[in-house]
Amino acid sequence: MNPFMFGYCATVITALLWPSLLTTTQAWCCVAAAIVIIRWSKLLAGGVFALAWVSLFSHQLLALETSNDDATISVRAEIISLVQRNSDQISVDIRVLDDNSYLFFNKFMRLEWQVSHPVSLGEEWLLTLKPKSISSPLNQGGFNRQRYYLGHHIIGKGKVVAAQQLRSASGLRFKLIERLRQQVSHLANGDLMLALMLGDKQQVSEAHWQGLRQSGTGHLISISGLHLSVLALWCVGLARYALNRWRLTPSMTNWHLAGIIALVMCSFYAYLAGFALPTQRALTMLLLVIALGMLRRFSAPFERLLWALFIVLVLDPLSIMSAGFWLSFGALAIILWFAHRQQKRGSRIDEHETGGWRGYRQGLWQKLVQLWSIQWRLSLLLGLLQGLLFGGIAPYSLIFNLVFVPWFSVVVIPLTFAVMLMWGLADLMLSSIGLSSLSMAPLLSLLDSAIMPLTASFSLLGSLPLNWVALPANVAVALIFALLGGFLLRLLYASIIPALTMHAFLNGRVHPVPLKGAESDGSAWGNSTTKVARVSDAKLSVSAVIVVGILLLPSLLLLLTPRLAQYDKRWALHLLDVGQGLSAVVIKQGRAVVYDTGAAFGSQFSYAKYTVIPFLQRQGITEVDFLFLSHGDNDHAGGADVLISMYAHTQVVTDLDHPGAIACRPQRWHWQGLVITLLGPQQPQQGNNGSCIVRIGDDRHQVLLPGDIEVEAEQQLIERAKRQGLLMADISQGTASRGDGVSDDVTNSVKHDVNNGNGFDDASKDPASGRFHGGLRSSILVAPHHGSNTSSSEAFIRAVSPAVVLYAAGLNNRYGFPKVKVIERYQMAEVEQYAVGHNGQLSVIFDQDDVKIKGYRYDFAPFWYNRTFEFGQMLNTE
């Protein structure tokens, strides 16, 4: 094993946990230090060089020369991907062409573009656009888009304001994609055919994506190690067969020629796939295998894996940000590990029993057993890795992979490459006379039929229970420790115990026990030896049990969590980062209340689907007790239908038109030991001032959620609180005068129901104490209307008197929320202020008298790639 490469790779992987990067000056100093210390320690030198290279690479990637006026910039770009199309509005990925500051990598941007005519892949444009940074909403359980952008070298986002076409599509791949799209558009699996033939996954339908995810077969349509390996084996086999028949040369020469042919064909396939990251890794590994074979240099499987890992991380150290990187190399490592163990076991078969037909059957059976042994371990361990990366596992992935991996290897992948070659050649050569489309249609239909068994099984999968199981964070951690404990236990008994026993034997502490029937001069000698061996084994067994017990402790705590939850007095407010919108979740003892859902954009995207639900699943929440919808604005209630469809038993509280919803009239009830009070509005009304105002708290802390109310509604709320305050002065006399002129004895009206028997109590009274709860004072305030100037009046701030105010405002939002004047008002009142745009998800954790405020960017995941970025500049590394 090369220590420099190992030190480099190990240190690059730890970059996922770095709080910041080195400055450019510090990085170059590390390069010099690595050169100096490599003479004494290659391992350390590799680590120091990795520190420098990751930092320099990231700085260079994110730097983009712009003019002094950054309101708009002009870039020369190539269209490389159509991400989404909605009428005349498209989302595209472009490759920046006019930035000469890079040498080894491309830079990309993701743009929103309102086009007046069709745009094709491979076209070159001069674009004027309004740039935005890659900073994105970040929440627990949600998709980390910032990390995704960095892993794919997307350095910025933007909106196109002017465009001029410079050149039409010229690349072979882009021409083939455009023509193939037209010819497979009518086929049921045309989207998957595009992905398999040309690596274009943008057209894959939502239904197919869901089926691939739930079956754990998404890797089958991503051109990577499986595809190139299968193609290489077919090419080597066919080339060897042809060369042995037509070219009588020494066998080794034919092997070399066959390897070169396979490498050329795989390189061409990788080019057609767009040299995506998984394809690059697979091609690198294939190149190493063929090169080492030609050089006749023996190398262990894991040495080849280290070489491939080193080359990939030198060319692109940020590939560690990609989930595909971990799945690809994780699969390779698992296969190599267990294949090596199976090979060692297979070598022990008695050679006298492996001849003839019986030997053939035994060999075939052994191969099938090895395939099953590797496949179930691969599915199990990759399933756990998938759960960590995507927050869920596909329970049926083992069955689907056992069936469809061989099917794709033997039928689909070789047929795909053959059809692609024949169709591509025919289309390019015969397109001028209009015969290609007609002549190749049967081949395309044949490939469509070959893929059909996979997609047809998706409908069966949808009818099965638990086709996708969300994995809460605590469950994932417990499973990791459990598997680690099992692995160490197996390793302990397989390696350490035999080694220690041999060490004791060589030192004369343990002697060999005579074989049964052998003569011995003294039976006492054998008995003492057995006792020593048993004592050693007993000590090792106790040690093993202790180690494994510690590793299994998280799993034990997980089993006890439901019983312990009822004794947990903590509760939390989570203000989720949903861009320029609002969604808050209150959790106590494993149950949740949701206030607003964030926005939805079209039928494809909603923050409820991609942020709120994943967050709840990550927290282990299986049911939502109440969903409050403050008002009808999209940024507050856009994802209501998605959330209700996911949690069908939730009780909706809103003035919007929802079946079975409870109106937002003043009322109050107890939930999980907390008091939830609806403070308004008094009557339903349209607009921001019709927002449902909710106050949640216990006897120590309160949270006020006022929605988008403005100054007028704030003043009405204050007036109602004052009137209730006057009533409180009469409590000592035993009666209270209602605002409607009705006088009731406080103790006699404790159970008064203002909602016609729905079980809710009057908002003005506490059943436990008879005290009124009309006050506004709250320790935590979610700023009304995201921090707009039309809200957060000085009178409202005094009435609420919060210790902390939270702004549900997106980073660099177009409205400029929170406004400077609003920030100054809260500063004058000495209120701590936090915004989700700068912090990501904000969580306020109440533990009796203790209150902790945590943000995603700086507390839950305080890593350099989660910080806020500015366009064209690297983040502050200090």
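Along each chain, residues carry numbers from 1 onward, in the same order as the chain's sequence is written. Where local features are concerned, this predicted model is filtered to residues with pLDDT of at least 70; where side-chain atom pairs are given and counted, the filter is 80 or more; whole-chain, interface and lining totals use all residues. Only hydrogens and water are set aside when side-chain values are computed; all heavy atoms of the structure are taken into account.

1. A look at the packing of aromatic side chains
Any pair of Phe, Tyr and Trp rings, taking the six-membered ring for Trp, is counted once the centres come within 6.5 Å. Such a pair is stacked with planes under 30 degrees apart, edge-to-face with planes over 60 apart, and tilted for the rest. Considering all chains together, one arrives at 23 aromatic pairs under this definition. Ring centres 6.2 Å apart and planes at 20° place the aromatic pair F601 and F605 in the stacked group. Each ring, one from Y815 and one from F817, has its centre 5.5 Å from the other, and the planes form 20°; the classification is stacked. The rings of F4, Y8, F49 and F310 are connected pair by pair, giving a single aromatic cluster.

2. So, the nonpolar core
Definition of nonpolar core: a set of buried residues of the types Ala, Val, Leu, Ile, Met, Phe, Trp, Tyr and Cys, connected through side-chain atoms within 4.5 Å. For each residue, the accessible area found with a 1.4 Å probe, counting protein chains only, is set against the maximum for its type, and the residue is called buried under 20%, exposed over 50%, and partly exposed in between. Among the nonpolar cores identified, the biggest contains 128 residues, and I94, W113 and L127 are the most heavily contacted of them. By the criteria applied, helices consist of DSSP H or I runs no shorter than four residues and strands consist of E runs no shorter than two, each listed in order from the N terminus. It is helix α14 (residues 397-430) that provides the largest number of residues to this core, a total of 11 residues. The contact partners of L127, leaving out residues within four places of it in the chain, are I73, S74, V75, A77, I94, L111, W113, V160, A162 and A163. The next biggest cluster of nonpolar side chains, apart from the first, holds 32 residues, and it includes V653, C664, W669 and C692. Two residues qualify as a contact provided that any one of their heavy atoms is within 4.5 Å of a heavy atom in the partner residue.

3. Concerning the packing of helix α1 (residues 3-13) against helix α11 (residues 301-315)
Two numbers describe a pair of packed helices, the interaxial angle and the distance between the axes. Running from N to C, α1 and α11 point in directions that differ by 55°, and their axes come no closer than 10 Å. Classed by the angle they form, the pair α1 and α11 counts as oblique. The way α1 lies across α11 gives a crossing that is left-handed. Judged by residue contacts, F4, M5, F6, Y8, C9 and V12 of α1 engage L306, W307, L309, F310, L313 and V314 from α11. Any residue that is not Ala, Val, Leu, Ile, Met, Phe, Trp, Tyr, Cys, Pro, Asp, Glu, Lys or Arg is counted as polar, Gly included; the first ten are nonpolar and the last four charged. When the residues that make up the contact of α1 with α11 are grouped by side-chain class, the tally is 12 nonpolar, no polar and no charged. Only C-alpha atoms enter the line fits that serve as axes; for helices the fit covers just the stretch in contact. Angles between N-to-C directions range over 0 to 180 degrees. Orientation is classified from the angle alone, with under 35 degrees giving roughly parallel, over 145 giving roughly antiparallel, 65 to 115 giving roughly perpendicular, and any other angle giving oblique. Crossings are sorted by hand: turned counterclockwise from the far helix by less than a right angle, the near helix makes the crossing left-handed, and turned clockwise it makes it right-handed.

4. Considering the sheet that holds strand β10 (residues 591-595)
At least two bridges found by DSSP between two strands is the condition for calling them paired. Spatially, β14-β13-β10-β9-β8-β24-β25 is the arrangement adopted by the seven strands of the open sheet, whose pairing is mixed. A strand with exactly one partner marks an edge of an open sheet, and here the two such strands are β14 (651-654) and β25 (850-855). Going from strand to strand, the sheet's axes swing by 15° on average, the running direction of each strand aside. On the sheet, helix α18 (residues 607-618) packs against β8 (571-575), β9 (584-588), β10 and β13 (624-629) and is oriented at approximately 15° with respect to β9.

5. Side note on the packing of helix α2 (residues 24-37) against helix α3 (residues 42-62)
Where α2 meets α3, the closest approach of the two axes is 8 Å, and the angle between their N-to-C directions is 155°. In terms of axis orientation, α2 runs roughly antiparallel to α3. In terms of crossing hand, the pair formed by α2 and α3 is left-handed. Only L44, A45, V48, F49, A52, S55, L56 and H59 of α3 make contact with α2, whose side of the interface consists of T24, A27, W28, C30, V31, A33, A34 and I37. In the contact of α2 with α3, the residues fall into 13 nonpolar, three polar and no charged.

6. Notes on the sheet that holds strand β22 (residues 804-807)
One open sheet accounts for seven strands, arranged β15-β16-β17-β18-β21-β22-β23; its pairing is mixed. In the strand order of this sheet, the two ends are held by β15 (667-671) and β23 (832-835), each with one partner. The average undirected angle you get between the axes of adjacent strands in this sheet is 20°. Of the pairings in the sheet, the one linking strand β18 (residues 702-705) to strand β21 (residues 780-782) comprises two bridges and is parallel in character. The residue bridging V703 from the neighbouring strand is I780, located in β21. In the packing of helix α23 (residues 820-828) onto the sheet, the strands contacted are β21, β22 and β23, and the crossing angle to β22 comes to about 165°.

7. Notes on the state of the cysteines
The term disulfide is used for any two cysteine sulfur atoms that are within 2.5 Å. Considering all chains together, one arrives at one disulfide under this definition. There is a disulfide in this structure between C664 and C692, and the S-S distance comes to 2.4 Å. Measuring handedness by torsion sign, the sulfur bridge of C664 and C692 sits at about -100° and is left-handed. Residue C664 is located in the loop between β14 and β15, and its partner C692 is located in the loop between β16 (674-680) and β17 (693-697); the two are separated by 28 residues in the primary sequence. By the burial criterion, C664 is buried, and C692 matches it. Considering cysteine sulfurs only, C30 is the nearest to C29, which forms no disulfide, with 7.1 Å between them. The thiol sulfur of C266 is not disulfide-bonded, and the nearest other cysteine sulfur, from C235, lies at 5.7 Å.

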